[in-house]
Amino acid sequence: MNARLTLVAFCMLGSAVFAQQKNTATAQQPSKAPADYVDLYIGSINPKTRSTQPVIKAPGGNMSIFPAFNPAIEDFYLSDKIMGFPLGFGTLMIAKGDALDPNSRPSRFDHDLETATPYYYQVLLEDPNVNTEYTMTDNAAIFRFTIPANQATSLVLSVPGNSSLSGTQSILKGNVPSGRRGGPQEKRYFHAEVSKPANPSGNQPGNSGNTGYFHWAASAQPQTVEFRVGISNVSEDDAKATLDKEIGKSTFDQVKNKLKERWNAELNLINIKGGSERQRGIFYSTLYRTMVLRMGNVWDTYRSAYALQNLIRPQETVKAINNFIRAYETSGWLTSSGAMIGHHSTSVIVEAYRKGLRGFDVEKAYAGMRKNHMEATMIPWKDGGQAPITELEQCYFDKGFYPALPVRADAGKKDEVDKYSRLPYQVRWLPEVGVEETVKEVDGWHRRQSVSVTLEHAYDDWCLAQMAKLLGKTADYELFMKRAGNYRNVFNPAIGMMAPKSADGKWVAPFDPIFSGGFAGEGYFAEGNSWTYTWHVQHDVQGLINLMGGNDNFNRKLDSLFIVGHRPADKLAFLGQFPDMTGLVGMYSQGNEPVYHIPYMYNYSGQPWKTQSRVRMLMDLWFDITPHGISGDEDGGATSSWYVLNSIGIYPQNPGSTVFDIGSPLFNETTINVGGGKSFVIEARNVSKQNKYIQSATLNGTALNKPWVDNADLIKGGRMVLVMGPRPNKNWGSKPGDAAPSMSAL
């Protein structure tokens, strides 16, 4: 008996020592600078569409460079060739010989002979045997090419056919049209110089535009040639002045080292302590991608990328909003959601204004938002103003929902085939098969997405209502608050989920919440199904809980989301219909943005410990520092910002508000530089892989018993302490009234 007790005691002591060693190792300081943790190839193999690219850009800069890979290969890490290096106004490439034939320029390369960092890129281009390097500043770049002995070599700059280009033996300059669709059209001017005069050089015709050449004859010794270029929106002379100012006589290594210092300072705007090497690598890689991509399509980035930016670089959001307003002044339409749905520039503007950001014309912004909400089409893939108001929008205005096509009377034949994916009906359960569109403006591929359009516009209407209230526009506030409740009109109580209605107000039937909607679900949903969009009520979670009959029913349904399967179709058939639904956990799709707020809904239904468990599992399962490290579309930093915020323990479930919901941080301590010499610290005591549950919390020394904090708490600086443990404290943050505010009352 004594021996047995001794053995048990020894085992317990060993476990305690192991746990202490593990926590001590976790709490150690990072061994590298932040920029050295960044993996530029994270997510460069994508399960659905084109992957991420190893982009280099100075913090807040106007120029970005990356290797352009073989366009036939969508997973860029797997590319066999580099085609050139896009500079934002043209593409640069070096090649053996005269390189007059464009097909002779692409080169093989090897990732093992490549270096990709936020501040420096290097690769051996194997076909010309030229070592190629580049680094940059805000508006200028410097390339360095090492040319082997006894080889004639050409450096080629290709620009679009409607550009202006001229050159000498050592200079190329010109301009190219620039500007996004629906936005103001401008010119991008450039001035480039080489360190060694070439002969011949100048302007040569290319197959698809103008092409400038620098050619160097073979030399008995290896040659090193630098190419320096500056850009401007003003003139060619200003581009030269920019080059002289930002690079001037600096050496390549001086420019590289300065950019490295800048990226370390930028990434240190969020300073982390603890975590594993893997977690730190994912954190800094995703933080870098969020920063360098500022910002993509607002349909994606409104969800969390702007909330992150508002904390650490609010001036960048102000800049983006002023660009929205410029587009409104030029085109008559405020920047919308591009090739998607919703008017989510409204969310971006309202969130910024509610969080105290200024520096833009709020009345003009409001006018643009209101025009979008009242006059712009809601049809998917028809950005604001590109199609007139149709009967579909009128149905939303009059009846409070976007109508779906009714089911054809003879639908249901088992031998039917969906015209979009060509998969058999019996596998797909598609009652809408064969129904022809009646509104000519609707895109024939992406269709109406009627339920998603209703839900995303109801959210945007809520956002606009908040701005109307702040600006004293009472009538507008009442109008848009009424429309904010339109989500209720597509909630079918018979199935407890969101479902489509035809214009006559009848539920479309038969309807299956997994399979109905056709290819990508887009007859009724945006890149998903009813399980994806039933939860898309960010502004009124309590209202959705009420519709479902209270917390218990809501939690059972939410639990089911993470475990429901896709029978009778097998996994490949399901993904064939829903290619966007990658990173699946049940029907939750970590690879696509519309689900990103869902794990935080437990914070509103009395079970915040489930939020803590879910977000930990999702971070660990679907992110890594490998080419497979992102489980779906990156979409302008949206996916990366989800990881960044979740890993430090907060997330904007309802981004149009000022609330950050609390999750489960990975790091012992996170310090957020919120500007003005202030910082907000999130301390997670005892945190580890097992210790993921919040036991108690304080905010600036005062007990915090609610699972959320306000943006105002963060930007004034302070400290939130979360005491973590291995089992959930089901009393913390779970009482009625603990949840963040919703549009509806309890």
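The structure displayed is predicted, hence computed values, not measured ones. (Residues numbered from 1 in each chain as written. Predicted model: local features only at pLDDT ≥ 70, side-chain atom pairs only at ≥ 80, totals over all residues. Heavy atoms only, no water.)

**Student:** Run through the overall build of the protein, naming residues and quoting values.
**Tutor:** In terms of helices and strands, the protein carries 21 helices and 30 strands. Across the 746 residues in the protein, those meeting the buried criterion constitute 59%. Here the contacts in the protein between residues at least 6 apart in sequence split such that 70% fall between residues at least 24 apart. Accessible surface computed for the protein: about 28,200 Å², of which carbon and sulfur atoms make up 51%. (Helix = DSSP H or I, 4+ residues; strand = E, 2+ residues; numbered from the N terminus. Buried < 20%, exposed > 50% of the residue type's maximum accessible area, 1.4 Å probe, protein only. Contact = heavy atoms within 4.5 Å. Areas by Shrake-Rupley, 256 points an atom, 1.4 Å probe, with all protein chains shown as cover.)

**Student:** Go over the pattern of salt bridges, please, and point to the residues and values.
**Tutor:** Pairs may arise between side chains of opposite charge once their charged atoms sit close together. In total, this model carries 34 salt bridges according to the counting rule given. Here Arg370 ties to Asp476 by a salt bridge, and the two come within 2.8 Å at their closest N and O atoms. Placement of the pair is Arg370 in helix H10 (residues 362-375) and Asp476 in helix H14 (residues 474-484), with a sequence separation of 106 residues. Judged by its relative accessible area of 30%, Arg370 falls in the partly exposed class. Residue Arg685 pairs with Glu683 through a salt bridge whose shortest N-O separation is 2.8 Å. The class for Arg685 is partly exposed, based on a relative accessible area of 42%. Overlapping salt bridges bring together Lys273, Glu669, Glu683, Arg685 and Arg719 as one network. (Salt bridge = Lys/Arg side-chain N within 4 Å of Asp/Glu carboxyl O.)

**Student:** How would you summarise helix H9 (residues 345-354) if you had to cite specific residues and measurements?
**Tutor:** In terms of burial, H9 is largely enclosed, as 9 of its 10 residues are buried. Buried within H9 are the following residues: Ser345, Thr346, Ser347, Val348, Ile349, Val350, Glu351, Ala352 and Tyr353. Contacts made by the buried residues of H9 are with helix H6 (298-301), helix H7 (305-312), helix H8 (314-331), H10 and helix H13 (450-470). Downstream of H9 by one or two residues, Gly356 has phi in the positive range, about 90 degrees.

**Student:** Can you break down the environment of Ile715 residue by residue, with the values?
**Tutor:** Among the structural elements, Ile715 can be located in helix H21 (residues 711-715). Look at Ile715 and you get partly exposed, because its relative accessible area is 29%. Sequence separation between Ile715 and Lys678 is 37 residues, and the spatial gap between their C-alpha atoms is 7.6 Å. In this structure Ile715 touches Leu311, Lys355, Val674 and Lys678, once residues within four positions along its chain are discounted.

**Student:** How would you summarise the packing of aromatic side chains if you had to cite specific residues and measurements?
**Tutor:** Applying the stated criterion across every chain, the model contains 34 aromatic pairs. Just above the ring of Trp333 sits the side chain of Lys371; from NZ or CZ to the centre is 4.4 Å. (Phe/Tyr/Trp six-rings, centres within 6.5 Å; stacked < 30°, edge-to-face > 60°. Lys NZ or Arg CZ within 6 Å of the ring centre and 35° of its normal.)

**Student:** How would you explain the side chain of Glu593 if you had to name every residue and give the values?
**Tutor:** The topology assignment puts Glu593 in the loop between strand S22 (588-589) and helix H19 (608-622). The charged side chain of Glu593 is buried without a salt bridge, its nearest counter-charge being Arg303 at 5.6 Å. Those residues in contact with Glu593 that lie beyond four places of it in its chain are Trp299, Asp300, Arg303, Asp633, Glu634, Asp635, Ala638 and Thr639. (Lys, Arg positive; Asp, Glu negative; His and termini not counted.)

**Student:** Before we move on, could you go through the confidence of the model for the protein and cite the residues and values that matter?
**Tutor:** Chain-level statistics for the protein give a pLDDT mean of 90 and a share of 89% at 70 or above. Note on residues 1-27: pLDDT under 50 across the span, and 10 contacts to partners over four residues away in sequence or across chains. A low-confidence stretch, residues 413-431 (pLDDT under 50), is modelled with 49 contacts involving residues beyond four sequence positions or located in other chains. (pLDDT = per-residue confidence, 0-100.)

**Student:** Explain the pairing of strand S5 (residues 91-96) residue by residue, including any values.
**Tutor:** Where strand S4 (residues 81-86) meets S5, 2 bridges bridge the pair, whose relative direction is antiparallel. Bridge pairing links Pro86 to Thr91 in S5. The hairpin formed by S4 and S5 contains 4 residues between the paired strands, and Gly88 there has a positive phi angle of roughly 100 degrees. The pairing of S5 with strand S11 (residues 153-160) spans 6 bridges and is antiparallel. Along S11, the bridge assignment pairs Ile94 with Leu155. (Pairing = 2+ DSSP bridges.)

**Student:** Talk me through the sheet that holds strand S25 (residues 669-675); I want residue IDs and the actual numbers.
**Tutor:** Ordered in space as S18-S25-S26-S30-S27-S28, the 6 strands form an open sheet in which the pairing is mixed. The open sheet has two free edges, formed respectively by strand S18 (270-273) and strand S28 (702-703), since each of these has just one partner strand. In the sheet, strand S27 (residues 693-699) pairs with S28 via 2 bridges, with the strands oriented antiparallel. Each residue of the ladder has a partner; that of Thr698, found in S28, is Ala703.

**Student:** Got a sec to walk through the side chain of Gln542? Specific residues and values, please.
**Tutor:** Mapped onto the secondary structure, Gln542 falls in helix H16 (residues 541-547). When residues no more than four places from it in sequence are discounted, the contact partners of Gln542 are Tyr604, Ser742, Ser744, Ala745 and Leu746.

**Student:** I'd love a proper account of the sheet that holds strand S10 (residues 140-147), names of residues and values included.
**Tutor:** Each strand in a sheet pairs with another by means of backbone hydrogen bonds, the pair being arranged parallel or else antiparallel. One open sheet accounts for 8 strands, arranged S7-S8-S9-S10-S17-S14-S13-S12; its pairing is antiparallel. Each edge of the open sheet carries a strand with a single partner, namely strand S7 (114-116) and strand S12 (164-167). Each strand of the sheet is rotated relative to its neighbour by a mean of 15 degrees, with strand direction disregarded. As paired elements, S7 and strand S8 (residues 121-125) share 3 bridges and run antiparallel to each other. Paired with Glu114 across the strands is Val123, a residue of S8. Each of strand S9 (130-136), S10 and strand S17 (223-232) touches helix H4 (residues 252-267); the most contacted strand, S9, lies at about 50 degrees to it. (Axes fitted to C-alpha atoms, helices over the stretch in contact; angles between N-to-C directions.)

**Student:** Summarise the nonpolar core; cite the residues concerned and give the values.
**Tutor:** Most often, soluble globular proteins keep nonpolar side chains buried together rather than apart. Among the nonpolar cores identified, the biggest contains 163 residues, and Phe85, Phe89, Phe227, Phe283 and Met720 are the most heavily contacted of them. Element by element, the count of residues in this core is highest for helix H5 (residues 277-292), at 7 residues. Apart from the residues within four sequence positions on either side, Phe89 is in contact with Met63, Leu157, Val159, Pro160, Val176, Arg188, Phe190, Val229 and Ile231. Counting residues in each nonpolar core, the second largest holds 30 residues, with Val298, Val318, Phe324 and Ala365 among its members. (Core = buried A, V, L, I, M, F, W, Y, C linked by side-chain atoms within 4.5 Å.)

**Student:** Tell me about the packing of H4 against H5, residues and numbers included.
**Tutor:** If you want to describe how two helices pack, look at the angle between their axes and the distance between the axes. Where H4 contacts H5, the axes come no closer than 11 Å and their chain directions differ by 105 degrees. On the basis of their axis angle, the class for H4 and H5 is roughly perpendicular. Residue-level contacts link Trp263, Glu266 and Leu267 of H4 to Tyr284, Leu287, Tyr288, Met291 and Val292 of H5. Looking at side-chain class alone, the contact of H4 with H5 contains 7 nonpolar, no polar and 1 charged residues. (Parallel < 35°, antiparallel > 145°, perpendicular 65-115°, else oblique. Nonpolar A, V, L, I, M, F, W, Y, C, P; charged D, E, K, R; others polar.)

**Student:** If you had to explain H10 to someone new, which residues and values would you point to?
**Tutor:** Its 14 residues give H10 an end-to-end C-alpha distance of 19 Å, which sits within 8% of 20 Å, the value for a rise of 1.5 Å per residue. When we look at burial in H10, the residues that qualify are Val362, Ala365, Tyr366, Gly368, Met369, Asn372 and His373. For H10, the arc enclosing every buried residue in end-on projection is 165 degrees, short of the 170-degree limit, so these residues lie on one face. Packed against the buried residues of H10 are H8, H9, helix H11 (391-399), H13 and H14. (Expected span 1.5 Å × (residues − 1). Arc of directions from axis to C-beta.)

**Student:** So, the environment of Val407: which residues are in play, and what are the values?
**Tutor:** Mapped onto the elements of the fold, Val407 is located in the loop between H11 and helix H12 (425-428). Along the sequence, Val407 and Ser502 sit 95 residues apart, while their C-alpha atoms lie 8.7 Å from each other.

**Student:** Explain the pairing of S18 to me, and be specific about the residues and the numbers.
**Tutor:** Side chains Ile270 and Ile272 project from S18 onto a buried face, and the interleaved Asn271 and Lys273 project onto a face without burial. Summarising the sheet, S18 and S25 pair through 4 bridges and their orientation is antiparallel. Within S25, the residue paired with Ile272 across the bridge is Thr670.

**Student:** If you had to explain unusual backbone geometry to someone new, which residues and values would you point to?
**Tutor:** Excluding glycine, most residues fall at negative phi; most peptide bonds, likewise, are trans. The residue after Ala509, namely Pro510, is reached through a cis peptide bond having omega 0 degrees. Assignment of secondary structure puts Pro510 in the loop between strand S20 (497-498) and helix H15 (530-533). In this model, Asn686 sits at a positive phi of 70 degrees, which is unusual for a non-glycine residue. Following the sequence through the fold, Asn686 ends up in the loop between strand S26 (678-685) and S27.

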